[in-house]
Amino acid sequence: MEQGHNGSSPIVVVRDVHKSFGDVHALAGVSLEIERGTVLGLLGPNGAGKTTLVRVLTTLLDPDEGSAAVAGFDVRRERTRVRPLIGLAGQSAAVDDTLTGRENLEMVANLYHMGRAAAASRAGELLARFDLVDAAERQARTYSGGMRRRLDLAASLVADPEVLFLDEPTTGLDPQARLELWAVIRELVATGTTVLLTTQYLEEADQLADEIVVIDHGRIIAQGTAAELKARSGGEHLTVRVSDLAALAQVRDVLEAEGDGPPTVDEATGTVSVAVSNGPTRLAGVVRRLDEAEVAIADIGLRQPTLDEVFLSLTGHRAESEPVDAPAGAV
Amino acid sequence: MVVSMDAIRVEARHAPGDILQLWKRNMLAYRRQPELMVFSTIQPVMFVLLFAFVFGGAIPTGPVEYIDFLLPGILAQSVLFGSTQTGVGLAVDVTSGMIDRYRTLPMARSAVVAGRILADTTRNVFVVGLMLGVGFLIGFRYHGTVAGAIAMPFVAVLFGQTFCWISAAIGTSVRRAETAQVASFVWLFPLVFVSSVFVPVETMPDWLEVVAENSPVTHTVNAMRGLALGTDFWEPLVWALAWMAGIMAVFVPLAVWRYRSIQ
Ligand SMILES: Nc1ncnc2c1ncn2[C@@H]1O[C@H](COP(=O)(O)OP(=O)(O)OP(=O)(O)O)[C@@H](O)[C@H]1O
Ligand SMILES: [Mg+2]
């Protein structure tokens, strides 16, 4: 396959891309680069502009301003060069319900002009790899959500793309199916595929991405590794739940002493939580102090910050653009 | 949209094969969705029977048997109503995200719409054949030449194919399949009924007669009747073909442009 440039420069380059729909600025000046063979996680809430960026990069949508290139080919002027190099598994699985799993893959292979025999063997290979052999001769309408996602992903891999775009690949999947899909994505990355993955879950980006870009309202608001982003939002959170609401004040004092910032108290659920560094040590300290104070703990644990908490600390507002008071727990 | 030389090369090289792929896919869908087949076969057959037996005695068609008058009209009506399925099918592909997949593949741009219309035209061949069969069973007879008998259904299929392009332009412009259906029937019903499909246009009020006389449906049906009955057909046929050429000249580019600008 012809290449626009050598292998050491970024394979995806986005420069100041703008895209509006009426007066909605879906993308308001996005620039980013993806290094060959790495995974970029595009993290953002509903309506952030994730799908719009994916559609620009996969030649489905022309940007109003700015430029984007895949493997050195401009996604607007050289889309016929870009298309053979990319694979897309969109936000809604693009599988043909009336075709069987095998027919779906063979049709895509034929539309890549692979030749009949090659198309058939490629379809068989992918069905095996995505654990769809038993369902291969069944119409896709009978598939479960997880199976449809796998078939969709298989279809996006038919031509062994250099860059794979996955738009919220695990949304709507149960935890088991999500883990399975993560494993598949890791395998792909191990074989050298470059991946752009959008997600609403920090945990997912953390699990899969080398680099995370957080977008909100069409703008990049943070960029870095998962560890860096978590550090910026106060790292791990230590949460304590009590059944006796009268003890909340005591718990609050203990967490204030042990934590890195002001704790947040949620009276409705009887929980208090605080950002901590060096979580396990702090956890032990909190347990000891609460024990001394004879507070009965219903539940206690460490957890990663959610997208919402990252947002709160990065932007001062919650991920869902609902009005919020001054962010109590922000760093 | 930027049209590059590359894009034109892809188009020229892959269009036939890609259209065939999409045709195959749509034909499989027809086979596996019996309800689609029912809509496109039982309903036209029912129309033949209903009109032949219910209105047959009441409509004055001169020396010509009503069934001989009716069948060419019903054929045209069926392929027209059937053409709505082109837009519905495309709208379903747009909403399901299937179009996004096609548009990221290095395939010919025209293949999705053209493959759809080729499948719908194939279905029309089948429907027209079936209706002719039913027509023969209830008394329809050709009175013209053999060439005319062969040309008559061919004109019907060509006419249906023409309207598929209008339907394609609608299907690629709306957001939902139901909208595509409604948006087609809204103008198809008057177009079909204000024509010579079911009744001679002379029976209509003067102002309506003028409209009906100049309708592409009337020209086409009159040409088909001429071919089937062995009466004069050249003048309406030339008009019909001119209408079809005109419609195609507008709606083929429009449908392709609409398809390309789906976002
Ligand atoms: N075709 C369109 N027409 C009009 N507005 C659009 C269109 N596509 C996207 N938008 C708007 O652009 C903004 C960004 O949408 P986009 O789909 O890119 O968000 P997203 O980050 O993918 O969200 P989600 O997580 O819900 O999928 C939203 O406000 C959306 O309503
Ligand atoms: Mg999206």
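How each quantity is defined
- Residues numbered from 1 in each chain as written.
- Chains lettered and ligands numbered in written order.
- Predicted model: local features only at pLDDT ≥ 70, side-chain atom pairs only at ≥ 80, totals over all residues.
- Heavy atoms only, no water.
- Axes fitted to C-alpha atoms, helices over the stretch in contact; angles between N-to-C directions.
- Helix = DSSP H or I, 4+ residues; strand = E, 2+ residues; numbered from the N terminus.
- Parallel < 35°, antiparallel > 145°, perpendicular 65-115°, else oblique.
- Left-handed = near helix turned anticlockwise from the far one by under 90°.
- Contact = heavy atoms within 4.5 Å.
- Pairing = 2+ DSSP bridges.
- Donors = N, O, S within 2.8 Å, 3.2 Å for Na, K, Ca; no water.
- Buried < 20%, exposed > 50% of the residue type's maximum accessible area, 1.4 Å probe, protein only.
- Salt bridge = Lys/Arg side-chain N within 4 Å of Asp/Glu carboxyl O.
- Polar contact = N/O pair within 3.5 Å; in protein donor to acceptor, adjacent residues only side chain to side chain.

S.K.: Residue-level account of the packing of helix α6 (residues 146–171) of chain B against helix α9 (residues 216–229) of chain B, with values.
M.R.: Residue and element names in this part refer to chain B. Remark: α6 packs on α9, axes separated minimally by 7 Å, with the N-to-C direction vectors making an angle of 160°. The angle between α6 and α9 falls in the class roughly antiparallel. Helix-helix and strand crossings are classified by hand; for α6 and α9 the assignment is left-handed. From α6, G148, A149, A151, M152, V155, A156 and F159 reach across to α9, where they touch P216, V217, T220, M224, L227 and A228.

S.K.: For the sheet that holds strand β8 (residues 194–199) of chain A, give the residues involved together with the corresponding values.
M.R.: Residues and elements named next belong to chain A. Read across the sheet, 6 strands follow the order β6-β7-β8-β3-β9-β10 without closing on themselves; strand pairing throughout is mixed. Only two strands of the sheet have a single partner each, and these edge strands are β6 (86–89) and β10 (219–224). On average, each strand axis in the sheet is tilted by 15° relative to the strand beside it, whichever way the strands run. Alignment of strand β9 (residues 211–216) against β10, held across 5 bridges, turns out to be antiparallel. Its bridge partner being in β10, I212 is matched across the sheet by G224. Sheet contacts for helix α5 (residues 145–156): β6 and β7 (163–167); angle to β6, the most-contacted strand, approximately 165°.

S.K.: Kindly report on the coordination of the magnesium ion (ligand 2), identifying the contributing residues and their values.
M.R.: All names here are of chain A. Protein coordination of the magnesium ion (ligand 2) is provided by T51 (OG1) and Q91 (OE1), with donor distances spanning 1.8 to 2.1 Å. One end of the pair, T51, is in helix α1 (residues 50–57); the other, Q91, is in the loop between β6 and α3 (101–111), with 40 residues separating them in the sequence. Among the residues examined, T51 registers a relative accessible area of 26% and is labelled partly exposed. The exposure class assigned to Q91 is partly exposed, which follows from its relative accessible area of 38%.

S.K.: Explain the interface of chain B and chain A to me, using residue names and the numbers behind them.
M.R.: Between chain B and chain A, the residue contacts involve 29 residues of the former and 38 residues of the latter. Between the two partners, chain B and chain A, sit 4 salt bridges. R32 of chain B is the partner of E103 of chain A in a salt bridge, and the nearest nitrogen-oxygen pair spans 2.7 Å. Applying the counting criterion to the chain B and chain A interface returns 11 residue pairs in polar contact (both at pLDDT 80 or more). Residue assignment for the side of chain B that touches chain A shows that the elements contributing at least two residues are α1 (5–32) and α4 (98–104) of chain B.

S.K.: Lay out the pairing of strand β11 (residues 236–241) of chain A in plain terms, naming residues and giving numbers.
M.R.: Residue and element names in this part refer to chain A. Of the strand pairs in this sheet, β11 and strand β13 (residues 271–276) are connected by 6 bridges, and their pairing is antiparallel. Looking across to β13, one finds that E236 is bridged to V276. Note that β11 and strand β14 (residues 299–303) share 5 bridges and pair antiparallel. Each residue of the ladder has a partner; that of R241, found in β14, is D299.

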